[in-house]
Amino acid sequence: MKEVACSLTIAGTDPTGGAGIQADLKTFQELQSYGMSVITSVVAQNTTGVQDIHHIPLAMIEKQLDSVFSDMPVHAMKTGMIANIDMMQIIQKKVSGKDIPFIIDPVMVATSGDALISDDARDYLRDHLLPLCTVVTPNIPEAEFLTGMKIDTLDTMKKAAEKIVHEYGAGAALVKGGHLVGDAVDFLYDGNHMHEFTASRIDTVNTHGTGCTYSAAITAYVSHGLTLYEAVEKGKYFVTEAIKQSFDLGSGNGPTNHWAVRLV
Ligand SMILES: Nc1ncnc2c1ncn2[C@@H]1O[C@H](COP(=O)(O)OP(=O)(O)O)[C@@H](O)[C@H]1O
Ligand SMILES: Cc1ncc(COP(=O)(O)O)c(N)n1
């Protein structure tokens, strides 16, 4: 029988296919990890913003998780948009105690600026989900919220990564610098070592779903058995190429190109 790596995403949707569950599944597919998904919220959104959000009933989120975990192997899992505390509690209950690498993309606000989760859910995520994760992947505004720090330099990015690990108990923190100026620099801190991943900044507005794509790539690589460092190194290459060869689709922030690495 053929062995296959399996990845699970627990997140919200994007009908235009650039972010959320759709971006995660496309990325898993490109990186040859069998993709599975549990939907938390159906989001009416496009490249210009969020038009509406419909939350999946809690019992249905729980049943989807049970459907996957009772039947399928999961070699790595990630979360994206988890809109409220009730949803977080269910996910906390279902992933606790499982010996599966767990990547949290602490999605709070869409690229368009629209809020995707409630204010109190941000606190809950920090206090109750971070201690469960292998790595959390905040962008600058998310890292600022998690740490209460002003982050506007490479040095403050590193300090935030250290705080997220030492004060909030995340297994590791990958603080992403897409929202700063200059090179696109990310820092991975694993409790012992600080690693830097740098790419030249690409001049484009097509950044819808970059965080989803990056965290999904890391999840897929980890599902294949790569170390976290190796997964982030390869994930950074994947997302950079996906931005470099992004599509001018829609009238706002267009989507990244998940085929990019296969094409280069
Ligand atoms: N214009 C850009 N050029 C190159 N890399 C970028 C650009 N914008 C973002 N990135 C990279 O894309 C990844 C996602 O980062 P970021 O935009 O900070 O996250 P999010 O999508 O969660 O807001 C990071 O590796 C970041 O460095
Ligand atoms: C359902 C959902 N999840 C996440 C994002 C954030 O996307 P980005 O990667 O651009 O921050 C989004 N727009 N929609």
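Residues numbered from 1 in each chain as written. Chains lettered and ligands numbered in written order. Predicted model: local features only at pLDDT ≥ 70, side-chain atom pairs only at ≥ 80, totals over all residues. Heavy atoms only, no water.

**Student:** Requested: an account of the nonpolar core, with residues and values cited.
**Tutor:** The biggest cluster of nonpolar side chains holds 54 residues, and the ones touching the most others in it are Leu8, Leu130 and Ile164. Aside from chain neighbours lying at most four places away, what touches Ile164 is Leu130, Val136, Pro138, Leu146, Thr147, Gly169, Ala170, Ala173 and Val175. (Core = buried A, V, L, I, M, F, W, Y, C linked by side-chain atoms within 4.5 Å. Buried < 20%, exposed > 50% of the residue type's maximum accessible area, 1.4 Å probe, protein only. Contact = heavy atoms within 4.5 Å.)

**Student:** I'd like a rundown of the confidence of the model for the chain, residues and numbers included.
**Tutor:** Residue-level pLDDT values for the chain average 96, and 99% of them are 70 or greater. The ipTM assigned to the predicted complex is 0.98, against a pTM of 0.97. (pLDDT = per-residue confidence, 0-100.)

**Student:** Describe the site of ligand 2, listing the residues and the values that go with them.
**Tutor:** Taken together, 16 residues sit near ligand 2, with Gln45, Thr111, Gly209, Gly211 and Cys212 positioned nearest. Here a nitrogen atom of ligand 2 sits 2.8 Å away from a polar atom, N or O, in the side chain of Gln45. Computed on the free molecule, ligand 2 has an accessible area of 370 Å², of which 94% lies beneath the protein chains in the complex. Applying the majority rule of atoms within 2 Å of the grid points places ligand 2 in the largest pocket. A per-element tally of the shell around ligand 2 places helix H7 (residues 210-223) first, with three residues. Split into classes, the residues belonging to the shell around ligand 2 amount to six nonpolar, 10 polar and no charged. (Near = heavy atom within 4 Å. Polar contact = N/O pair within 3.5 Å; in protein donor to acceptor, adjacent residues only side chain to side chain. Areas by Shrake-Rupley, 256 points an atom, 1.4 Å probe, with all protein chains shown as cover. 1 Å grid on protein atoms, 1.4 Å probe; cavity = no way out; pocket = protein on both sides within 12 Å on 5 of 7 lines; lining within 4 Å. Sits in = over half its atoms within 2 Å of the grid points. Helix = DSSP H or I, 4+ residues; strand = E, 2+ residues; numbered from the N terminus. Nonpolar A, V, L, I, M, F, W, Y, C, P; charged D, E, K, R; others polar.)

**Student:** Provide a residue-level description of the packing of aromatic side chains, including the pertinent values.
**Tutor:** Summed over the entire model, instances satisfying the criterion amount to two aromatic pairs. Judged by centre distance (5.5 Å) and plane angle (40°), the rings of Phe197 and Tyr229 are tilted. Of this pair, Phe197 sits in strand S10 (residues 194-199) while Tyr229 sits in helix H8 (residues 228-244); the two residues are 32 residues apart in sequence, bridging distant segments of the chain. Accessibility expressed as a relative area gives 6% for Phe197, which makes it buried. Between the aromatic rings of Phe247 and Trp259, the centroid separation amounts to 5.8 Å while the plane-to-plane angle is 75°, which identifies the pairing as edge-to-face. Of this pair, Phe247 sits in the loop between H8 and helix H9 (260-263) while Trp259 sits in the loop between H8 and H9, and the two are 12 residues apart along the sequence. The lysine or arginine in question, Lys98, covers the ring of Phe69, its NZ or CZ lying 4.5 Å from the ring centre. Looking at Arg126, its charged tip hangs above the ring of Tyr168, at a distance of 5.6 Å from the centre. (Phe/Tyr/Trp six-rings, centres within 6.5 Å; stacked < 30°, edge-to-face > 60°. Lys NZ or Arg CZ within 6 Å of the ring centre and 35° of its normal.)

**Student:** How would you summarise the UniProt feature "domain: Pyridoxamine kinase/Phosphomethylpyrimidine kinase" (unreviewed entry) in the chain if you had to cite specific residues and measurements?
**Tutor:** The UniProt entry lists residues 14-257 under the feature "domain: Pyridoxamine kinase/Phosphomethylpyrimidine kinase" (unreviewed entry), expressed in the numbering used here. Helix makes up 40% of residues 14-257 and strand 18%. Its end C-alpha atoms lie 15 Å apart. (UniProt positions renumbered as here; feature names shortened; annotations may be inferred.)

**Student:** Can you break down the pairing of strand S9 (residues 184-189) residue by residue, with the values?
**Tutor:** The buried fraction of S9 is high, at six of six residues. Sheet topology note: the strand S8 (residues 173-176)/S9 ladder contains four bridges and is antiparallel. The partner of Leu174 across the bridge, within S9, is Leu188. Pairing analysis gives six bridges linking S9 to S10, with the strands arranged antiparallel. Each bridged residue has a counterpart across the sheet, and for Leu188 the counterpart in S10 is His195. (Pairing = 2+ DSSP bridges.)

**Student:** Please set out the layout of surface pockets residue by residue, giving values where relevant.
**Tutor:** Quantified by volume, the largest pocket comes out at close to 1,000 Å³. For the lining of the largest pocket, the secondary structure elements donating two or more residues are helix H1 (20-30), strand S3 (41-46), helix H5 (140-147), S9, H7 and H8. Tallied by class, residues from the lining of the largest pocket come to 20 nonpolar, 19 polar and 10 charged. Of the pockets and cavities examined, the second largest pocket occupies roughly 150 Å³. (Points joined across faces, edges and corners; volume = space filled by probe spheres on them.)

**Student:** Now, about H7: what can you tell me, with residues and values included?
**Tutor:** Helix length check: H7 (14 residues) gives 20 Å between terminal C-alpha atoms against 20 Å at 1.5 Å per residue, within 8%. Most of H7 is tucked away, with 13 of its 14 residues classed as buried. Where H7 terminates, the next one or two residues include Gly225, which has phi positive at roughly 100°. (Expected span 1.5 Å × (residues − 1).)

**Student:** Explain the site of ligand 1 to me, and be specific about the residues and the numbers.
**Tutor:** Around ligand 1, the structure places 14 residues, and the nearest of them are Asn139, His179, Asp186, Ile202 and Thr210. Asn139 is positioned with one of its side-chain polar atoms (N or O) 2.8 Å from an oxygen atom of ligand 1. A distance of 3.0 Å is found between an oxygen atom of ligand 1 and a backbone nitrogen or oxygen belonging to Gly178. Relative to its unbound accessible surface of 550 Å², ligand 1 loses 93% to contact with the protein.

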